[in-house]
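Chain and residue survey
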Amino acid sequence: MTTRVTDGTERSALVSLGEIKELAEVGRPTVSNWRRRFARDVLESAGDRRPPFPDAVAGSESRPLFDAEEMASWLDLRPIPDAEPDEDGTAPTYGDRFRRGLRLRGMVALRHELGSANQLIIDALAVCAMEGEGGDWYREALPEQLAEDADKADPRVADAIRELIEELGSPGSAADTVLSLAERLESDLTTDTTAPAVAELISALVGPSGVLAAGPGQPSVINLCAGTGELLFARDDIGGRGDIVAVEPDPLRRKLLLYRLFAHHCSTVDICVRPEDLDTLRPWEQREFDLDPDRPWGMPSADLVLADPPYASGERDADEEGPLGWALEAVRRLKPDGRGYVVVPSWTLTRPRGSTPTPSVRMREELLNRDAVAAVVQLPRRIHPFRTGAEHSLLVLRGEAAMEEQGKVLLVDADRIAHRVGGAWMRYVAEVLYTGRSPVNEEAAFRPVWPAGPRAEALLDGRSVLPAHRLAAKEQGLDHFAATLDARREAAVALPRLKEWIGDLGVARRQPEVRVAHRRVGEHLKAGQLRLLAGHRIREADLGDAGLPVVGREEMLGALPVGGRRIALEDLAQYPQAVVTERGDVFMLTEHGIRTYVDDAGGCVLLAPVQGLRIAAYRPYLAGEVLPETLWMRPQPLAQLLAAPRNQQRSSGSLVRRVSVRDMDLPELPPEEVAELEAILSETERQRAQVRRQLEALDNLALRLAAGVADGDLALRRRAGST
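Quick notes on the rules
Residues numbered from 1 in each chain as written. Predicted model: local features only at pLDDT ≥ 70, side-chain atom pairs only at ≥ 80, totals over all residues. Heavy atoms only, no water. Helix = DSSP H or I, 4+ residues; strand = E, 2+ residues; numbered from the N terminus. Buried < 20%, exposed > 50% of the residue type's maximum accessible area, 1.4 Å probe, protein only. Contact = heavy atoms within 4.5 Å. Areas by Shrake-Rupley, 256 points an atom, 1.4 Å probe, with all protein chains shown as cover. Pairing = 2+ DSSP bridges. Polar contact = N/O pair within 3.5 Å; in protein donor to acceptor, adjacent residues only side chain to side chain. Axes fitted to C-alpha atoms, helices over the stretch in contact; angles between N-to-C directions. Parallel < 35°, antiparallel > 145°, perpendicular 65-115°, else oblique. Left-handed = near helix turned anticlockwise from the far one by under 90°. Patch = residues over 30% accessible without salt bridge, like charges linked within 9 Å, V, L, I, M, F, W, Y side chains within 5 Å. Salt bridge = Lys/Arg side-chain N within 4 Å of Asp/Glu carboxyl O. Phe/Tyr/Trp six-rings, centres within 6.5 Å; stacked < 30°, edge-to-face > 60°. Core = buried A, V, L, I, M, F, W, Y, C linked by side-chain atoms within 4.5 Å. pLDDT = per-residue confidence, 0-100. Expected span 1.5 Å × (residues − 1).

What follows covers the overall build of the protein chain. Within the protein chain, the secondary structure is distributed over 27 helices and 25 strands. Going through the 723 residues of the protein chain one by one, you find that 46% of them count as buried. A separation of at least 24 residues holds for 68% of the contacts in the protein chain among residues at least 6 apart in sequence. For the protein chain, the exposed surface amounts to about 37300 Å²; the carbon and sulfur share of it is 50%.

This part is about the sheet that holds strand S21 (residues 605-606). Sheet architecture is open: four strands sit in the order S16-S18-S17-S21, paired in mixed fashion. With one partner strand each, in any of the chains shown, strand S16 (543-544) and S21 form the two edges of the open sheet. Pairing of S16 with strand S18 (residues 566-567) involves two bridges; the strand directions are antiparallel. Counted as the bridge partner of Leu-543 is Ile-567 from S18.

A word on the environment of Arg-398. Inspection of the secondary structure assignment puts Arg-398 in strand S11 (residues 392-398). Of the residues examined, Arg-398 reaches a relative accessible area of 3% and is grouped as buried. In sequence terms Arg-398 and Lys-335 are 63 residues apart; their C-alpha atoms lie 8.9 Å from each other. There is a polar contact of 2.8 Å between the side chain of Arg-398 and the side chain of Asp-371.

What follows is about the packing of helix H16 (residues 414-421) against helix H17 (residues 425-435). At their nearest, the axes of H16 and H17 sit 9 Å apart, and the two run at 130° to each other. On the basis of the axis angle, H16 is oblique to H17. Crossing geometry of H16 relative to H17 is assigned as right-handed. Of the residues in H17, those touching H16 at Ala-414, Ile-417, Ala-418, Arg-420 and Val-421 are Trp-425, Tyr-428, Val-429 and Val-432.

Below, the discussion takes up a nonpolar patch on the surface. Taken together, the side chains of Leu-695, Leu-698, Leu-701 and Leu-705 present a nonpolar region at the surface, about 370 Å² in accessible area. One can find Leu-701 in helix H27 (residues 671-710). Leu-701 gets classed as partly exposed once you look at its relative accessible area, which sits at 47%.

Next up on the list: the packing of aromatic side chains. Between two aromatic rings, the relevant description is the distance of the centres plus the angle of the planes. Throughout the structure, instances matching the rule amount to seven aromatic pairs. With a centroid separation of 5.8 Å and an interplanar angle of 70°, the aromatic rings of Trp-34 and Trp-74 are classed as edge-to-face. Taken together, the positions of Trp-34 in helix H2 (residues 28-37) and Trp-74 in helix H4 (residues 68-75) put the pair 40 residues apart, joining distant regions of the chain. Trp-74 matches Trp-34 in its accessibility class, with the two residues each being buried.

This paragraph deals with the nonpolar core. In this structure, Ile-202, Tyr-341, Leu-379, Leu-394 and Trp-425 are the most contacted members of the largest nonpolar core, which totals 40 residues. With six residues, the top contributor of residues to this core is helix H10 (residues 196-206). Not counting chain neighbours up to four residues away, the residues in contact with Trp-425 comprise Ala-197, Leu-201, Leu-379, Pro-380, Ile-383, Ala-414, Ile-417 and Ala-418.

A word on the sheet that holds strand S20 (residues 595-598). Pairing between the strands of a sheet is mediated by backbone hydrogen bonds and can be parallel or antiparallel. Strand order across the open sheet formed by four strands is S15-S22-S19-S20, with antiparallel pairing between neighbours. Strands at the two margins of the open sheet, each flanked by one partner only, are strand S15 (530-533) and S20. On average, adjacent strands in this sheet sit at an angle of 25° to one another, irrespective of strand direction. Pairing geometry for strand S19 (residues 586-589) and S20, over four bridges, is antiparallel. If you follow Phe-587 over to S20, its bridge partner there is Tyr-597.

Further remarks concern unusual backbone geometry. Of all residues except glycine, most have a negative phi; of all peptide bonds, most are trans. For the peptide bond that leads from Ala-608 to Pro-609, omega is 15°, which places it in the cis range. Structurally, Pro-609 is set in the loop between S21 and strand S22 (611-615). Notably, His-265 is not glycine yet its phi reads approximately 65°, a positive angle. Judged by its relative accessible area of 47%, His-265 falls in the partly exposed class. For Asp-371, which is not a glycine, the phi torsion comes out positive at approximately 55°. With respect to the element layout, Asp-371 can be found in the loop between helix H15 (359-369) and strand S10 (373-378).

Moving on to the confidence of the model for the protein chain. Mean pLDDT for the protein chain: 80, with 83% of residues reaching 70 or above. Per-residue pLDDT stays below 50 along residues 1-11; that stretch engages in 20 contacts with residues further than four places along the chain or on separate chains. Ignoring residues within four places in sequence, the model shows residues 284-297, a span with pLDDT below 50, making 19 contacts including any to other chains.

Another aspect to go through is the pattern of salt bridges. This structure, assessed with the given rule, holds 40 salt bridges. For Arg-470, the salt bridge goes to Asp-461, with nearest N and O atoms at 2.6 Å. On the basis of relative accessible area, Arg-470 is assigned to the buried category, the value being 2%. What makes Asp-461 partly exposed here is its relative accessible area of 35%. When salt bridges with common partners are traced through the structure, they connect Asp-461, Arg-463, Arg-470, Arg-519, Arg-520, Glu-523, Asp-663 and Glu-668 into a single cluster.

Within the structure, Arg-398 has its side chain in polar contact with the backbone oxygen of Val-373 (distance 3.2 Å). Here Lys-408 takes part through its backbone oxygen, which lies 3.0 Å from a polar atom of the side chain of Arg-398. With residues up to four places along the chain from it excluded, the contact list for Arg-398 reads Leu-334, Gly-338, Arg-339, Asp-371, Ala-372, Val-373, Ala-374, Glu-404, Glu-405, Gln-406, Gly-407 and Lys-408.

Bringing H10 into the picture now. Regarding H10, the residues found buried are Val-198, Ala-199, Leu-201, Ile-202, Ser-203, Leu-205 and Val-206. Summarising the contacts, the buried residues of H10 are in contact with strand S8 (302-307), strand S9 (334-345), S11 and H17.

To continue, consider the side chain of Glu-391. One can find Glu-391 in the loop between S10 and S11. Side chain to side chain, Glu-391 and Gln-378 meet in a polar contact 2.9 Å long.

Looking now at helix H5 (residues 94-114). The terminal C-alpha atoms of H5, which comprises 21 residues, lie 30 Å apart, in line with the 30 Å expected from a rise of 1.5 Å per residue. For H5, the full list of buried residues reads Tyr-94, Gly-95, Phe-98, Gly-101, Arg-103, Leu-104, Arg-105, Met-107, Val-108, Leu-110 and Arg-111. Residue Thr-93 occupies the N-cap position of H5, its side-chain oxygen lying 3.2 Å from the main-chain nitrogen of Gly-95. Residue Gly-115 follows H5 closely and has a positive phi angle near 85°.

This is the structure in structure tokens:
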């Protein structure tokens, strides 16, 4: 924290090395390098006449404090590399950054004296708005509330803002800077603010012509849930336009948006309280035209409709006015050839359609049935810095007259794209939406809205439409037959004693005309062929070393052996919902990929987040009640097929990437092929266990040899004639 000390009658701000780094927006090594290279004694010994790094004026050897103004003057001598020159041609310096950071820090300190972060922001934006609209020169043309807020603004806030305006060059830039401080001011505005990356993506999707820029022939714009205007100000200047409308129900955000617009000289942009107000006459039209209740105000629809509703994950799933209601409102407001961009929580796209569909599912199906969805973009996780537990998607909506790719929806996994291309993902996603394809099939692809056949995949089949859940595909550029032969050859060389068994392993290409169908695990669960076993939350105090084995995350990751943790039967009785596993159950951990384990004995208890799948016909099969040739699936094939790459790709989630068990799929294979796969996989597992024991024996031998030599008890020598 910046401190002040009294020296006579003058109060001087003192800053530490860490604060210099923060205020100048450089790394800590940069500040240390400046202090070392420009130390007074170093410059004097080299005959260098440049000003030295300022000396510490307070503090201690371990935490020196420096005079802030002296530090700013020294930083004025250091231009920022590759920075754009100011309008007067001068290069910005680290001293400019330092002073601005110091001034903003002073405003943050004022927040505690004023007692309200939102009041400080109102005062600051009121001053910016007055400056943007000419101040007292045109006071009679300004809203009465604005003039009143500007007059009541704390003088210290007003002075700091005027200095900031002078430094940044415009009231609009100062207003934007103040709003960027909302988090540091601990304002609740941050929870509903559109993430900068989302605003940049929508700006890129709107097009390179600057659709929000001023000028004739530009599309009309309606911004539903405008907030403080992040989507409006994502692009160029919007001043002078009469065909932009913002809707914001919250009085505080509506006031701040109005003041921000005035600060940017955008007094012609109208702000409504509700979407219904778009269908009424605007005040200036009421003066010019006779009131006609049947006559709309001239802008009930627009070429471009934007919305980022303030909903967190899981809210209002059963509400008739849930998040997707804003998407339907956007479609209603679109002109026939218009385009809409609406941010929605991803859970609205993942809810399955049950026997009684929720309002969110019904609204999703209505959007798809109306063919109003052009694309679904799954946004990168943690894209909202203040909604870290929520995952979001962007719906790209089209008007009725849009002809491109009707009957299809482009699914784009921007999270996967961001992981591959980094910070440039916004431009890359815009290019994918423009071209309709990506070089990586799992990143983008069209999917039909309506099924083309009884078993064909379609977005209206009642399951998740999230891109990560729909874009699983065959591995591209991989010949499975050749790759399997290579793997068999490598295994035979590495394990010569198994060469005969590996050589007898028959592998053939499946005939192209024999198409393998896939069925979701959710369908098998609904049909009763599989049963889902939920993991349970058991207190750590109830786990011991006796009783039934428990299998949790640690066991699935290999950090603990299965059986290392147990629960006594009397303790298990406290958890009546806990299920004891049976022989042949398959355990799954679906976080950050899929890990599976086959229970060969049964009698285990699952700890969340581990889940299990039970083949309903497997127990009767073990009892001899089901013929082997009729068993549709077996444990080892089930475990391996669940963990196949096509299912690994289906992960989603903001904090923890998980794969939905119900959205995994399994190939439909004949029972004899399943039996053959079971035999091969079981033998592979047996051989793997034997090799593992050999490796453990070699590891133990190396350990004992090293321990004996280290303690001085062993002397090693090679036998004569050995190589």
